[in-house]
Amino acid sequence: MKYLEEFRDPELARRLLDDIHGIAKGQWVLMEVCGGQTHSLIRNGIDTLLPDAIELIHGPGCPVCVTPLEVIDKALRIAAQPNVTFCSFGDMLRVPGSGEDLFTVRSGGGDVRIVYSPLDAVKIARDNPAREVVFFGIGFETTAPANAMAVVQAKRLGLKNFSMLVSHVLVPPALDAIMSSPHTRVNGFLAAGHVCSVMGYWQYEPLAQRFRVPIVVTGFEPLDLLQGIRMAVRQLEEGRYEVENAYARAVTREGNVPAQKLLSEVFEVTPRKWRGIGEIPNSGWGLSSAYREFDAAIRFDVTDINTVEPAICRSGDVLQGLIKPNECPAFGKECTPRKPLGATMVSSEGACAAYYQYGRFVSLESIG
Amino acid sequence: MCLGVPGQIKDIYERDGARMGKVDFGGIIKEVCLDFVPEVMVGDYTIVHVGFAITQLDEQSAMETLALFEEMGVLEEELLAAPEVGTSDESQSPRGVT
Ligand code: SF4
């Protein structure tokens, strides 16, 4: 596949690593925003090859992880109704609500289906006019255009039996919240490449200026990540704080304009709760008034559900980079991918799952 | 679930008023919505997420980035290999044949 092998070239990776070792003088903490980046970093052992003074911490960029408990509870309530076909991306099915998960609803006789694309859910609605088809519309800015398109298509087809439970989250307000916390340790960000493919990176420029923090748009292959780290460290060493693009083959400053146009038509900015973190102002998208007839929360009258999260799981601290997964007392003991306590262990892109999968049971600092 | 996968566009057609295409992901062919990348043509590479192409892969930028990495290494090697001219102990400790 094009550019996959090239951007995994070990020889070039070595050169980038040497360069990072050469330029790094200070102690810096970088946060990679996206869970996909976390997995690539850990799988390739990049965190272990960096100079000791550069620490990587993991950000909130896993949509499965940050979907709040009450939205899961709403999904469960809707999915359990006998006339409903509930469609979702596969990785949401194991995320526990305050009781069960969507798999449990399915084994109890509920019609819960995994779809690859939101358009598949629209097709199911068209083919089954007697059933109410509900799509679980979660995700960051990467996923939102696809979900927006599904609603537009349902409207175009005049479907009365399609709706969406929408819980979209937006990255820039989350970075704002992380930097505004008095406990933040973040010196620089590796921004999520595919979110920026859609939204561009102009939105990050005010953040970089306000918090004096370098933000580097970064891809997912080892060379992409090393290049992102190198650019961020170079800025920190030179005392600059700009938005730079280390993923130019897939990202432009203005982003995907047709997608942004559709997003602003279908969605409007709302406050949004993040699992483990709490409510962040202006950090979500809900359906705009022109598309509100497709809002599953209204159609199935679940807007009143309000759930409190259990105290034992530290995933909120993990998502904000305040602790590493293996610093959670439950990690690998009460909490494993087979018996997850929190969404960061459930999701295949969650930081806790990455640490478990690649055997990071003790923190690197303690090995020295 | 935010990962996008690069693939090559093999076919473009219209369905239900949407621009669709067949995309080859290293041998696996899937149907993908191309509405957000109106400029792509058959043969182009794109990044696909949940059944939607979100961006065209820019070949020139990819080659430039790779060339930059190459060049960086080459420069470094040249600097290391170059003799340090003008240092006082140059004559006592020859750095090998250059
Ligand atoms: S290890 Fe489990 S309990 Fe601890 S933060 Fe991660 S998901 Fe939550």
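Further up the page is the structure itself.
Report follows, based on the coordinates. (Residues numbered from 1 in each chain as written. Chains lettered and ligands numbered in written order. Predicted model: local features only at pLDDT ≥ 70, side-chain atom pairs only at ≥ 80, totals over all residues. Heavy atoms only, no water.)

1. Things to note about the overall build of chain A
Within chain A, the secondary structure is distributed over 18 helices and 11 strands. Taking 21 Å as the expected radius of gyration for a compact globule of 368 residues, we find that chain A reaches 21 Å, a close match to that expectation. Its C-alpha atoms put chain A at 65 × 45 × 40 Å along the principal axes. A burial count over chain A gives 63% of its 368 residues as buried. The centroid of the 37 positive side-chain charges in chain A is displaced by 3 Å from the centroid of its 42 negative side-chain charges. (Helix = DSSP H or I, 4+ residues; strand = E, 2+ residues; numbered from the N terminus. Rg over C-alpha atoms; globule rule 2.2 N^0.38 Å. Buried < 20%, exposed > 50% of the residue type's maximum accessible area, 1.4 Å probe, protein only. Lys, Arg positive; Asp, Glu negative; His and termini not counted. Charge placed at Lys NZ, Arg CZ, Asp CG, Glu CD.)

2. Here we look at the packing of aromatic side chains
Counted according to the given criterion, the structure contains seven aromatic pairs over all chains. Their ring planes at 90° and their centres at 5.4 Å tell us that Phe-89 of chain A and Phe-135 of chain A sit as a pair that is edge-to-face. One end of the pair, Phe-89 of chain A, is in the loop between strand E3 (84–88) and helix H6 (102–107); the other, Phe-135 of chain A, is in strand E5 (residues 132–139), with 46 residues separating them in the sequence. Phe-135 of chain A carries the same exposure label as Phe-89 of chain A, and that label is buried. Judged by centre distance (5.8 Å) and plane angle (15°), the ring pair of Phe-267 of chain A and Trp-285 of chain A falls under stacked. Pair noted here: Phe-267 of chain A is in strand E10 (residues 267–274) and Trp-285 of chain A is in strand E11 (residues 278–287), with a separation of 18 residues, a long-range link. For the pair shown, Phe-267 of chain A and Trp-285 of chain A are each scored as buried. Residue placement shows Arg-249 of chain A over the ring face of Phe-7 of chain A; its charged tip is 3.6 Å from the ring centre. The residue whose ring lies beneath Lys-30 of chain B is Tyr-116 of chain A, and the NZ or CZ to ring-centre distance is 3.9 Å. (Phe/Tyr/Trp six-rings, centres within 6.5 Å; stacked < 30°, edge-to-face > 60°. Lys NZ or Arg CZ within 6 Å of the ring centre and 35° of its normal.)

3. Quick look at the side chain of Thr-55 of chain B
Structurally, Thr-55 of chain B can be placed in strand E5 (residues 52–56). Within the local environment of Thr-55 of chain B, its side chain forms a polar contact with the backbone oxygen of Ala-250 of chain A, the two atoms lying 3.1 Å apart. Once residues lying within four places of it in the same chain are set aside, the contact partners of Thr-55 of chain B are Ser-197 and Ala-250 of chain A together with Val-37, Thr-46 and Ile-47 of chain B. (Polar contact = N/O pair within 3.5 Å; in protein donor to acceptor, adjacent residues only side chain to side chain. Contact = heavy atoms within 4.5 Å.)

4. Focus: empty space enclosed by the protein
All names here are of chain A. Counting across every chain of the model gives four cavities of 30 Å³ or more. Of the volumes computed, that of the largest cavity is approximately 90 Å³. Surrounding the largest cavity, 14 residues form its lining, Cys-313, Arg-314, Cys-328, Cys-335 and Cys-352 being those nearest its centre. For the lining of the largest cavity, the secondary structure elements donating two or more residues are helix H15 (315–319) and helix H16 (343–346). Of the residues contributing to the lining of the largest cavity, the split by class is 10 nonpolar, three polar and one charged. Put simply, the second largest cavity is a space of about 60 Å³. Among the elements of the structure, strand E1 (28–34), helix H2 (35–43), strand E2 (54–61) and H15 are those that each provide at least two residues to the lining of the second largest cavity. For the lining of the second largest cavity, the leading source of residues is E2, giving three residues. (1 Å grid on protein atoms, 1.4 Å probe; cavity = no way out; pocket = protein on both sides within 12 Å on 5 of 7 lines; lining within 4 Å. Points joined across faces, edges and corners; volume = space filled by probe spheres on them. Nonpolar A, V, L, I, M, F, W, Y, C, P; charged D, E, K, R; others polar.)

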